[in-house]
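Each chain, letter by letter, is given below.
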Amino acid sequence: MNKDEIKSKVNTVIQDVLRVKSEVIKPESRLKEDLGAESLDMVTLLMALEDTFKNSISDEDAAELTTVESIVSYISHRAEAN
Amino acid sequence: MNRVVITGVGPVTSIGCGVDSFWSAALQGKSNIQPIPDSWKSFHNFTSNIYSPLPVIDYTNFTISKVDQMQLDSSTLLALAATDLALQNAQIERTLENEKKNIWHLQNVDSYRSGVFIGTGIGGISTLINTQANHTLTPLKIRLGKNDLTKSESDSVVFQKVPGRFNPFSVAMIMPNATSSAIGIKYNLKGVNSTSCYACAAGTIAIGTAFQQIKNGVIDFAIAGGTEYLGDPFGGVFRAFDLAKTLVSNFECIETANRPFDKKRSGFLFSEGGAAVLVLESLEHALSRGATIIAEISAFHETFDAYNCMSLDPSGSEIVRLHTELLKSTAINPHEIQYINAHGTGTILNDETESSVIEKLYGKRVYVNSTKSLIGHTLGASGAIEAMVTALSIKHKTTHISKNCSDPVRNIAIVDKVESIDIQHAISQSFAFGGHNAALLFKEYLD
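Residues numbered from 1 in each chain as written. Chains lettered and ligands numbered in written order. Predicted model: local features only at pLDDT ≥ 70, side-chain atom pairs only at ≥ 80, totals over all residues. Heavy atoms only, no water.

Engineer: How should I be thinking about the overall build of chain A in this particular structure?
Structural biologist: When you go through chain A residue by residue, the secondary structure sums to 4 helices and 0 strands. When the elements of chain A are put in sequence order from the N terminus, they spell out α-α-α-α. The C-alpha radius of gyration computed for chain A amounts to 12 Å, which stays within 12% of the reference 12 Å derived for 82 residues, consistent with globular compactness. Across the 82 residues of chain A, 41% fall into the buried class. Across chain A, the fraction of contacts at a sequence separation of at least 24, relative to all contacts at a separation of at least 6, is 55%. Taking the average place of the 10 positive charges on the side chains of chain A and the average place of its 17 negative ones, the gap between the two points comes to 5 Å. (Helix = DSSP H or I, 4+ residues; strand = E, 2+ residues; numbered from the N terminus. Rg over C-alpha atoms; globule rule 2.2 N^0.38 Å. Buried < 20%, exposed > 50% of the residue type's maximum accessible area, 1.4 Å probe, protein only. Contact = heavy atoms within 4.5 Å. Lys, Arg positive; Asp, Glu negative; His and termini not counted. Charge placed at Lys NZ, Arg CZ, Asp CG, Glu CD.)

Written as C-alpha cells, this is what we have:
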C-alpha cells in the first residue's frame, strides 16, 4: 500500500468516526482541536485504524498520533517495516 | 385505563429479518439448522452438535453506523436492527438529529411519554468471553510466539480465535442494560428505560412491563422486546447448555431433530441468537397518528415457581395459576381462547408439564404451536419473537405449524398444517431458569 492509499484510507476512517466532511480534513488538522475528537472518539479512532490496517497500535504510539499527518506517517512507517 | 395496541413488529431471526421475510418463512415451516462450527469441536467433545445460526447481517442497512458496531455487543446490534424494522413497520417517520452520535427523532412521538423495555437472558456475554480470552491468552500468545519450539501451538485454533483487542468499551457492552440504553439514546426516548433479566421469560416480561406502563397511563408509546446473542469463538455458551443436558441430542436426521411436544423430543435447539421488537401504543395515541393496528394486548401476568433454579416445578401449579390470574384479569373464560403460542422448548420436562397444563385447562379446544420448533431457543429474545408471532397469527387468522411433532406427548391440538383459524383471543407464554413464568393475553383489535 503506497502513501496515497494510506492517506485516503485514513481520511475515510476519520470521516466515519468523527463524522466530519472530507474537505475539512487536512494533513495538519489536529484531531482534537480542529476536528472535534473527544476522548471516546480517540479510542474509537484507534480501534478503527487497527481494523483498517490490520495492525495493533500501542498506547505509547497512540499518544503521539495527534494530527492527520502523524497518523499517515506512522502507518506508512509500519507498512514499510513489514 | 388505556387500551394497548401493537402497531409495528421487527424480527431478526435465523429464518428471516423483517416481518414479511420472517412470516413467510414461518408459514412455510422453514428452519436453518447447521452442524456446530468445527472450531468449537477443537475445544470440547459436545453431546449436542447442531445449532441454528443467524444469517450474516449488514447492520449498516439498519441505520447502525460502523462506530456503533465497534462500541456495542451483538445482542444490542440485533435489537437495534429489530427496532429499526419495527419502526418502519409501524410507519413512524424518523429524521436524523445528530449525525455524529447517530441520534434520530421519531415523528409524532413525545420523548417524555415514551419508554424502552428490553429483555435479555445474559446480556453481552459474547463480549465478556471475547475480552476475557484476549486478557488471559494474549500474554501466552506473545510468549509462545517468541519461542520457535511452540510454533505449532501458537498456530493452533485457540490462538487463531483470540480477539486481537480488549475492547475499551467492554463495560458498556457487557452490562445487560446496554441494549435498552442504546435504543433510548438513539431515539431520544426519556420516559422509562427498563431492562428485564429473566432468562427465557425476559422478552415476555419486558413486553408485559411496557403494557402495564401504557395501560396505567405512565407513557403512551413503547419500544418493547427481547434480544440475545450466544455466539462465541470457542463454543463456551453452547457447552454450558450442553452440559446442563438441555440440548437436542441422539437424533437420526438434522432436519427432524428439533421436535417440541413430540414423544421423541430430546432437548432444545440452540440458537445463535435473535431479537424481536414490538411498537406498543395506547389506542388513543395510535389512532391519533393513523396507525395500522396489528392486535391488542389485553392482559399480562407472571408467577414464580419457588421450586428450583434450573427446573420447572413438574406439578405445573404456578403455570395453572398464571393462566387463571391472566384470564381473570380481563374476565375471559378458557373456552374463549383459540390459540396458545407455547414455550415449547422441546425438553422432556418443559413439554410434559406445559402440555399437561394446557390439556387440563383447555383440552383440545385451543391450537398450540412452538415457534422454537422453527428457530430454536433464543432465550431472552424468545418471548418477544413468540409475542410477535401471536399478534401476527391474530392479524392473519392463521399460524405456523409446530414442526416435527408427529406423535404428540398429549392429546392437545398441535398445529400440523397452516389453515384458516378464527383467532380472537390468544396467549403467549414463557417459563425461565430461575422459576419465572409469564404470559401475555392478546386479542383481535376491534373498534
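Next comes the rest of the write-up.
Engineer: Explain the nonpolar core here, please?
Structural biologist: As a rule of thumb, nonpolar side chains are buried together in soluble globular proteins. Residue and element names in this part refer to chain B. The biggest cluster of nonpolar side chains holds 62 residues, and the ones touching the most others in it are I6, I207, F270 and L280. If we skip the residues at most four places from it in the chain, I207 touches A224, G225, L278, L280, I297, A384, A387 and L440. Grouped together as the second largest cluster of nonpolar side chains are 33 residues, L78, L189, I223 and V279 included. (Core = buried A, V, L, I, M, F, W, Y, C linked by side-chain atoms within 4.5 Å.)

Engineer: Can you walk me through the packing of helix α1 (residues 19-27) of chain B against helix α16 (residues 382-396) of chain B in this structure?
Structural biologist: Residues and elements named next belong to chain B. At their nearest, the axes of α1 and α16 sit 12 Å apart, and the two run at 80° to each other. By the criterion of interaxial angle, the relationship of α1 to α16 is roughly perpendicular. Within the contact between the two elements, α1 uses V19, F22 and W23 and α16 uses I385, M388, V389, L392, S393 and H396. Each residue belonging to the contact of α1 with α16 can be placed in one class, and the counts come to 7 nonpolar, 2 polar and no charged. (Axes fitted to C-alpha atoms, helices over the stretch in contact; angles between N-to-C directions. Parallel < 35°, antiparallel > 145°, perpendicular 65-115°, else oblique. Nonpolar A, V, L, I, M, F, W, Y, C, P; charged D, E, K, R; others polar.)

Engineer: Is there a simple way to think about the pairing of strand β17 (residues 436-443) of chain B in this case?
Structural biologist: Regular strands show a simple pattern: their side chains alternate between the two faces of the sheet. Residues and elements named next belong to chain B. Extensive coverage of β17 is indicated by the burial of 6 of its 8 residues. Relative to β17, strand β12 (residues 295-304) runs antiparallel, the two being bridged by 8 bridges. Bridge pairing links A299 to L441 in β17. The sheet contact formed by strand β16 (residues 425-432) and β17 spans 8 bridges and is antiparallel. (Pairing = 2+ DSSP bridges.)

Engineer: Where do I start with the interface of chain A and chain B in this structure?
Structural biologist: Interfaces are often described in size by the accessible area the parts lose on coming together. Listed by partner, the interface residues are 14 residues for chain A and 11 residues for chain B. Sorting the residues of chain A by area buried against chain B places A:R19, A:T44 and A:M47 first, and these three jointly supply 49% of that buried surface. The tally of links from chain A across to chain B stands at 5 salt bridges. The salt bridge involving A:E50 is made with B:R165; its shortest N-O contact spans 3.1 Å. Here chain A and chain B share 8 residue pairs in polar contact (both at pLDDT 80 or more) between them. Looking at the side of chain A that touches chain B, the elements with two or more residues in it are α1 (3-18) and α2 (39-53) of chain A. The dominant element in the side of chain A that touches chain B, judged by the number of residues it contributes, is α2(A), at 8 residues. Of the residues that constitute the side of chain A that touches chain B, the class distribution is 6 nonpolar, 2 polar and 6 charged. (Buried area = accessible area lost by both parts, 1.4 Å probe. Salt bridge = Lys/Arg side-chain N within 4 Å of Asp/Glu carboxyl O. Polar contact = N/O pair within 3.5 Å; in protein donor to acceptor, adjacent residues only side chain to side chain.)

Engineer: So what exactly am I meant to see when it comes to α1(B) here?
Structural biologist: Helical geometry note: an α-helix holds 3.6 residues per turn, so side chains three or four residues apart project in the same direction. Residues and elements named next belong to chain B. Those residues of α1 that sit buried are V19, F22, W23, A25 and A26. Seen along its axis, α1 keeps its buried residues to an arc of 165°; they face one direction. Packed against the buried residues of α1 are β1 (4-13), β2 (16-17), α4 (74-89), α15 (372-375) and α16. The positive-phi residue at the C-terminal boundary of α1 is G29, with phi of around 70°. (Arc of directions from axis to C-beta.)

Engineer: How do you make sense of the confidence of the model for chain B when you look at a structure like this?
Structural biologist: Note that predicted coordinates carrying low pLDDT should not be read in detail. With 98% of its residues at a pLDDT of at least 70, chain B reaches an overall mean of 96. In the predicted complex, the global pTM is 0.96; the interface-specific ipTM is 0.87. (pLDDT = per-residue confidence, 0-100.)

Engineer: Just to check I follow, could you spell out the pattern of salt bridges for this structure?
Structural biologist: A complete count under the given rule lists 23 salt bridges over all chains for this structure. Salt-bridge contacts for A:R30 lead to A:D34; the nearest nitrogen and oxygen are separated by 3.2 Å. Among the charged side chains, a salt-bridge network with shared partners connects B:R265, B:D351, B:E352, B:E359 and B:R410.

Engineer: Help me out: how do you make sense of the packing of aromatic side chains in this one?
Structural biologist: Geometry of an aromatic ring pair is reported as the spacing of the ring centres plus the angle between the planes. This structure, assessed with the given rule, holds 7 aromatic pairs over all chains. Taken together, B:W40, B:F46, B:Y51, B:F238, B:F241, B:F268 and B:F270 form an aromatic cluster joined through their ring pairs. (Phe/Tyr/Trp six-rings, centres within 6.5 Å; stacked < 30°, edge-to-face > 60°.)

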